[in-house]
Amino acid sequence: MISANQQRIDAGYMAQALELAKRAGESDEVPVGALVVLSGQVLGVGYNRCIIDHDPCGHAEVLALQAAAKKLQSSRLDGATLYVTLEPCLMCCGALLQARVARLVFGAREPRTGGVVSIHEALRLHGVDHHIAVTEGVAADEAALMMQLFFQRRR
């Protein structure tokens, strides 16, 4: 059970992730934003940059993890929390596991490619020795609306 104080903290960080997602959408990228937090400090931020950077791995989660790892000078982000506006895909779940992130907080589910609960349960696969606590649904309505509006504009 998440305490009321932790819910407030999560909402605050998710608001920052939503601002990052907005920047992605303004760049004609799928509007996803992410940030890595450890001990109350934001270590890395990212928003989707696949099109801008011509990089299929340019997902918000991966970019935030990379920035945090560089800041810590370590590939391991033990104890960190990743906040992201949309449920991570399989690739991003793999990156979370490799980074040894302690907790994932995400907004909206991704019914087509979600790797946490929607399509796959990649963080709970048999044989995976690292476990990540998952909190879903933080600012889910705002994140889902941002996605819907983005794709309506593209049609």
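In this text the structure is predicted, and so the values were computed from the model without any measurement.

(A) Here's a closer look at the packing of helix H3 (residues 60–72) against helix H4 (residues 90–99). Look at H3 against H4: their axes get within 9 Å of each other, and the N-to-C directions meet at 20°. With respect to each other, H3 and H4 are oriented roughly parallel. For the element pair H3 and H4, the recorded crossing hand is left-handed. Residues Glu61, Val62 and Leu65 of H3 touch H4, and the partners they reach there are Met91, Cys92, Ala95, Leu96 and Ala99.

(B) Representation of the packing of aromatic side chains in the model. In this structure the tally under the stated criterion is two aromatic pairs. Both rings, one in Phe150 and one in Phe151, keep their centres 5.0 Å apart while their planes meet at 80°; by these two values the pair is edge-to-face. Looking at Phe150, the relative accessible area reads 2%, which means it is buried. Residue Phe151 is classed as partly exposed on the basis of its relative accessible area of 28%.

(C) Examining the pairing of strand S3 (residues 81–86) more closely. Most of S3 is tucked away: six of the six residues are buried. Since S3 and strand S4 (residues 103–108) lie parallel, the crossover through H4 that links them has a hand, and here it is right-handed.

(D) Examining H3 more closely. Helix length check: H3 (13 residues) gives 18 Å between terminal C-alpha atoms against 18 Å at 1.5 Å per residue, within 8%. Residues of H3 that are buried make contact with strand S1 (33–38), strand S2 (41–47), S3 and H4. Remark: Gln73 follows H3 within two positions and exhibits a positive phi of approximately 55°.

(E) Focus on the nonpolar core. Counting 29 residues, the largest nonpolar core has Val36, Leu65, Leu77, Leu82 and Leu104 as the members making the most contacts within it. For this core, the secondary-structure elements that each account for two or more residues are S1, H3, S3, H4, S4 and helix H5 (140–154). If one sorts the elements of this core by residue count, H3 sits on top with five residues. With residues near it in sequence (within four places) discarded, Leu65 still touches Val36, Leu77, Leu82, Ala95, Leu96, Ala99 and Val101.

(F) Structural view of the packing of helix H1 (residues 4–26) against H5. Running from N to C, H1 and H5 point in directions that differ by 5°, and their axes come no closer than 11 Å. Viewed along their axes, H1 and H5 adopt a mutual orientation that is roughly parallel. The segment H1 lies against H5, with Leu18, Ala21, Lys22 and Gly25 engaging Glu142, Ala143, Met146 and Phe150. Residue composition of the contact of H1 with H5, grouped by class: five nonpolar, one polar and two charged.

(G) Expanded view of the UniProt feature "active site" (unreviewed entry) in the chain. Those residues carrying the UniProt feature "active site" (unreviewed entry) are Glu61 in this numbering. When you line up the elements, Glu61 lands in helix H3. When near neighbours in sequence (up to four residues on either side) are disregarded, Glu61 contacts Ala34, Leu82, Val84, Leu86, Pro88 and Cys92.

(H) Up close: the state of the cysteines. In this structure the tally under the stated criterion is zero disulfides. Among the cysteines around Cys50, which has no disulfide bond, Cys57 carries the closest sulfur, lying 7.9 Å off. By relative accessible area, Cys57 is classed as partly exposed at 37%.

The rules behind the values
- Residues numbered from 1 in each chain as written.
- Predicted model: local features only at pLDDT ≥ 70, side-chain atom pairs only at ≥ 80, totals over all residues.
- Heavy atoms only, no water.
- Axes fitted to C-alpha atoms, helices over the stretch in contact; angles between N-to-C directions.
- Helix = DSSP H or I, 4+ residues; strand = E, 2+ residues; numbered from the N terminus.
- Parallel < 35°, antiparallel > 145°, perpendicular 65-115°, else oblique.
- Left-handed = near helix turned anticlockwise from the far one by under 90°.
- Contact = heavy atoms within 4.5 Å.
- Phe/Tyr/Trp six-rings, centres within 6.5 Å; stacked < 30°, edge-to-face > 60°.
- Buried < 20%, exposed > 50% of the residue type's maximum accessible area, 1.4 Å probe, protein only.
- Right-handed = clockwise from strand over helix to strand, strands pointing away.
- Expected span 1.5 Å × (residues − 1).
- Core = buried A, V, L, I, M, F, W, Y, C linked by side-chain atoms within 4.5 Å.
- Nonpolar A, V, L, I, M, F, W, Y, C, P; charged D, E, K, R; others polar.
- UniProt positions renumbered as here; feature names shortened; annotations may be inferred.
- Disulfide = S-S within 2.5 Å.

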